[in-house]
Amino acid sequence: MKPPPFQYFAPTTIDEALALIAEHGYDAKVLAGGQSLIPTMNFRLAQPGVLVDLNNIPELAYISLDDNGGVSIGAMTRQREVERSEIIAERVPLVHETMPFIAHPQIRNRGTFGGSLAHADPAAELPAVATALNAQFRVRSQSGERWIPANDFFVDLFATALEPEEVLVEVVLPEMLPRSGYAFEEVARRHGDYALVGAAATVTLDQSNRCEQVRLIYFSVGNGPVEAHQAEAMLKGQELTSEAIQAAAETAASTDIDPPGDIHASIAYRRHLAKVLAKRVLEKATTRAISGD
Amino acid sequence: MTDLFSITITINGTPYESEVEPRMLLSDFIRHEIGLTGTHVGCEHGVCGACTVLFDGQPVRSCIMFAVQANGHELMTVEGLTPDASEENLHPLQASFREAHGLQCGFCTAGFLMTILAFLEENTNPNEQEIREAISGNLCRCTGYQHIVDAVKLAAEKMAAES
């Protein structure tokens with residue numbers, strides 16, 4: 001189908017974009033890569049009256065080192081750029097490992113890092129990975145800017161903490177701590193399809209190889225990224241033996257998540273996948289933390 | 001009626017000027033305004049890959065972009081592979097599809113060709129796994145993909161021999 005008519009603006013600066021969004025309020029929708037928004041408009045599931053296209057704002061597309069050793073990514077940076085960035089591969093390898101799983105190359109050429117996060121699809125990879133990494137989101141409106149931690153950014157199904165007049169402009173991914181490891185896994189019917197279940201983990205070990213910090217974040221099992229709090233609590237302070245990881249993975253899959261069942265996967269199958277994936281990502285993250293990779 | 005926007009898009013080296021409604025999809029612009037009907041439109045929501053074109057050298061789905069967004073940019077469509085449109089001068093990638101039976105009905109083929117063209121520029125000697133990942137964003141309901149994979153391997157050989 002064809003999208004319904006709309007008013008179109010293509011500002012060339014952030015300030016101009018923020019003014020347009022403030023002026024048009026709820027009628028305005030921000031157009032980033034458009035790889036989710038335009039299909040929904042083609043279906044006429046979304047009928048925004050005004051589109052503010054951010055694609056002509058060069059100051060929103062960059063990958064740079066942060067003062068604190070982390071990496072700052074402009075919201076309009078193409079996913080393909082992130083995938084190919086040496087800075088990302090070196091400083092936030094979890095993101096580097098995840099990028100090829102996001103849709104298909106044609107989509108990543110157009111889709112943006114910030115767009116995927118602000119869209120908050122519960123089956124998307126980046127919200128879970130950003131949560132696992134404790135990313136910080138810089139959002140701006142005409143009245144100022146504020147920072148939102150990933151944990152607070154994802155509110156519900158396709159819903160974020162962004163106010164209608166606010167735009168996500170930058171994401172800061174903190175540098176991995178020493179003695180830390182990471183891993184990402186997902187199961188999809190076909191490479192590039194939405195995952196039936198996916199999981200990202202980060203692990204930080206203390207000097208005696210006990211677990212100091214652990215994050216286990218699922219996607220495609222709820223209304224957004226789902227943190228496996230009970231499983232994490234079982235692992236903190238413990239030595240991450242395969243028995244400990246197995247027990248935590250079972251708790252994560254049986255207690256921490258409440259996955260939906262549909263034609264693609266039953267609830268029982270999603271729980272099974274969640275257990276297997278938790279085990280894999282926790283083991284891989286632990287191995288990497290020990291070996292220092 | 002919303003405002004019309006004046007745009008200039010270079011397609012296969014030729015600049016085209018037009019006035020479009022902002023809601024006009026790039027795929028419709030290419031087919032209906034310019035008349036380059038080699039680009040096919042399948043699902044029109046970014047799933048099937050039939051409408052894939054090169055946008056500044058990178059494959060994108062033209063059905064989930066607006067024509068107005070391509071203003072000032074360069075596109076390549078399947079017609080750009082064989083500028084003189086003669087059977088003798090098929091691009092090696094097209095010739096490989098013909099020889100390896102990489103198509104049956106042909107509806108998806110233009111999208112595959114544009115996807116693979118960009119892929120083979122980056123990876124001149126891909127293995128089967130890499131090929132299957134590269135074409136994962138394009139659907140074909142006839143071939144079962146095996147002959148498409150064969151065609152990509154053949155094209156990689158032909159293109160390596162030519163360069």
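For clarity, every value in this text was computed on a predicted model and none was experimentally measured. The numbering scheme is per chain: residues are counted from 1 as the chain's sequence reads. Each chain gets a letter, beginning with A, and each ligand a number, beginning with 1, in the order they are written. Side-chain atom pairs in this predicted model are given and counted only at pLDDT of 80 or more, local residue features only at pLDDT of at least 70, and totals for whole chains, interfaces and linings cover all residues.

What to know about the overall build of chain A
For clarity, the cut-off: A run of H or I in DSSP counts as a helix once it spans at least four residues, and a run of E counts as a strand once it spans at least two, with each numbered from the N terminus. In this setup the radius of gyration rests on C-alpha atoms only. A globule is expected at 2.2 Å times the number of residues raised to 0.38. Between the buried cut of 20 or more and the exposed cut of 12 or fewer other C-beta atoms within 10 Å of a residue's own C-beta lies the partly exposed class, and all C-beta atoms are placed from the backbone. Residue pairs qualify as contacts under a 7 Å threshold applied to their C-beta atoms, which are placed from the backbone.
Within chain A one finds 12 helices and 14 strands. A globule of 293 residues ought to have a C-alpha radius of gyration of about 19 Å, and chain A, at 19 Å, matches this closely. Going through the 293 residues of chain A one by one, you find that 51% of them count as buried. Here the contacts in chain A between residues at least 6 apart in sequence split such that 64% fall between residues at least 24 apart.

Here we look at the domain arrangement of chain B
Residues and elements named next belong to chain B. Operational definition: Domain segmentation is taken from an automatic or database assignment of domains. Any residue that is not Ala, Val, Leu, Ile, Met, Phe, Trp, Tyr, Cys, Pro, Asp, Glu, Lys or Arg is counted as polar, Gly included; the first ten are nonpolar and the last four charged.
Under the domain assignment used here, chain B contains domain 1 (5-81) and domain 2 (87-162). With centres defined by C-alpha atoms, the gap from domain 1 to domain 2 works out at 21 Å. Between domain 1 and domain 2, the contact holds 15 residues from the first and 14 residues from the second. Of all the elements in the fold, those that place two or more residues in the side of domain 1 that touches domain 2 are β3 (52-55) and β4 (58-61). Counting residues per element, the side of domain 1 that touches domain 2 draws most heavily on β3, at 3 residues. A per-class count over the side of domain 1 that touches domain 2 returns 8 nonpolar, 7 polar and no charged.

Regarding the sheet that holds strand β1 (residues 7-9) of chain A
All names here are of chain A. The test is simple: A pair of strands counts as paired when DSSP detects no fewer than two bridges linking them. A fitted line through C-alpha atoms represents every axis, and for helices the fit uses only the stretch in contact; the resulting angles, taken between N-to-C directions, go from 0 to 180 degrees.
Read across the open sheet, the 3 strands follow the order β1-β3-β2; overall the sheet is parallel. Only two strands of the sheet have a single partner each, and these edge strands are β1 and β2 (28-31). In this sheet, neighbouring strand axes are inclined to one another by 25° on average, regardless of whether the strands run parallel or antiparallel.

Topic: the nonpolar core
Applicable threshold: In these notes, a nonpolar core means any group of buried Ala, Val, Leu, Ile, Met, Phe, Trp, Tyr and Cys residues linked to one another through C-beta atoms within 7 Å.
Ranked by internal contacts, the top residues of the largest apolar core, which has 144 residues, are A201, Y218, A278 and L282 of chain A together with I116 of chain B. Excluding anything up to four places from it in sequence, L282 of chain A contacts A201, V203, L216, L240, I245, A248 and A249 of chain A.

Concerning helix α1 (residues 14-24) of chain A
Residue and element names in this part refer to chain A. Note the threshold: Starting at the helix axis, one direction is taken to each C-beta atom, and the arc is that of these directions.
Within the sequence span of α1, burial applies to A17, L18, L20 and I21. The buried residues of α1 occupy an angular sector of 160° when projected down its axis, which confines them to one face. Looking one or two places after α1, you find G25, whose phi comes out positive at around 55°.

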